[in-house]
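Inside the fold
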Amino acid sequence: MKNEYTDHDWDERDPSPWLALYLDQSTPLPDEVKAAWLRDCSSGSRQFFLPMIRPMARLSMIVIQVLKVFLPKRWSHSMLLHRLLAFSMNKFVSPEANWLIMRHFHLGSQVLQFVAANAPTPVSTSPLTPVEIDDVKDELFLRHDLNLFNFVIRLNKALRAENKELVPVAEPDFSMIHNPDLQLADMPHGKLNLLDLQSAIEIYTPVYQLLLTDNDFWRASNSLQLDETVAIYCAKILASPEHLVLLNNKHPMVPLSTLYAAYRLVLHGLSTEMLHSLLMRMASGELPIPARELARRQQAANAATDQPDPAAQAR
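Below is a short write-up of the structure.

Reading the values: rules and limits
Residues numbered from 1 in each chain as written. Predicted model: local features only at pLDDT ≥ 70, side-chain atom pairs only at ≥ 80, totals over all residues. Heavy atoms only, no water. Phe/Tyr/Trp six-rings, centres within 6.5 Å; stacked < 30°, edge-to-face > 60°. Helix = DSSP H or I, 4+ residues; strand = E, 2+ residues; numbered from the N terminus. Buried < 20%, exposed > 50% of the residue type's maximum accessible area, 1.4 Å probe, protein only. Core = buried A, V, L, I, M, F, W, Y, C linked by side-chain atoms within 4.5 Å. Contact = heavy atoms within 4.5 Å.

To continue, consider the packing of aromatic side chains. Going through the model one piece at a time under the given rule, you end up with 3 aromatic pairs. Relative to Phe141, the ring of Phe105 lies with its centre 5.2 Å away and its plane at 80°, an arrangement referred to as edge-to-face. Taken together, the residues Phe105 in helix 5 (residues 95–117) and Phe141 in helix 6 (residues 140–161) connect sequence positions 36 residues apart. Owing to a relative accessible area of 2%, Phe105 belongs among the buried residues under this scheme. In this structure Phe141 comes out as buried when scored by relative accessible area, which is 18%.

See below:
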């Protein structure tokens, strides 16, 4: 696909903010992902439709919360929800937004596998690797949220049982980190596939709230708080705490209102893309692995300590 950013004419009296963001390399994102993200952000749907739909979506969430007081506690239609999501993604969501959504399941699974592979205790994972949008029908969004919480519980029960914790790994296992075999060109490109990512998520969130139990919806919303948790796991393994600056969903012990879930879900997707890109660059050798350098310094320090003191030998 033609990249309008690399071929963009630069007018210094009217510089494009999208060109500036594309060329900026302060955040680790692959060029094709950044181009798709910015193309989606600069779309007419996001500029004109999102400001109208966001207040209506949030108002509907308040109404649904009141309505659910009178509904059975176990009210849930997860299969219907995911069929509606798959239908709307096929018919109305933009190719870029669909591609980013589908990538997210793969990237999130790979990051959890990375943590599991480099943990000091065995931890199982349940990777989600959808290949087409209709795979969403298999309760994919709900399973994604369940996987994340179950992984955190499983990992920490294992660490506590053996009185261990995550530590820097000099030679981390990156074998699971790769670019998903998903092509932007394969996403639906119909005449109505115009809805940008943020608008789609704003619309989906109250539907999600209505068709899931309160527990499922609250858990889905607050799974976003675990961005920092998973990033800390990776930072411990890599001995790279400075990369936590890329996180935007704030402290995991301070749940936020579900009214902001849609916006934070976009941040969640972006944070996952950046963390995965960072792991990809370390795996390829493009970036140094801080844990490896730390191990080398420790070995050098130990070797120096083991050597006899020349002054003492002279005496």
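What follows concerns the nonpolar core. Met89, Trp99, Val136, Phe141 and Tyr208 are the most contacted members of the largest nonpolar core, which has 40 residues in total. Secondary structure elements with two or more residues in this core: helix 2 (31–41), helix 4 (78–91), helix 5, helix 6, helix 7 (197–211), helix 8 (214–222) and helix 10 (261–284). Setting aside residues no more than four positions away along its own chain, Met89 makes contact with Asn98, Ile101, Met102, Ile133, Val136, Phe141, Pro188, Asn193 and Tyr204. Among the nonpolar cores identified, the runner-up in size contains 29 residues, and Ala116, Phe151, Ile177 and Ile237 belong to it.

Bringing the environment of Asn90 into the picture now. As for its placement among the helices and strands, Asn90 is situated in helix 4. Classification of Asn90 by relative accessible area gives partly exposed; the value is 26%. When the C-alpha atoms of Asn90 and Gly190 are compared, they prove to be 8.5 Å apart, with 100 residues separating the residues in sequence. Asn90 has contacts with Ile133, Asp134, Pro188 and Asn193, leaving out every residue within four places of it along the chain.

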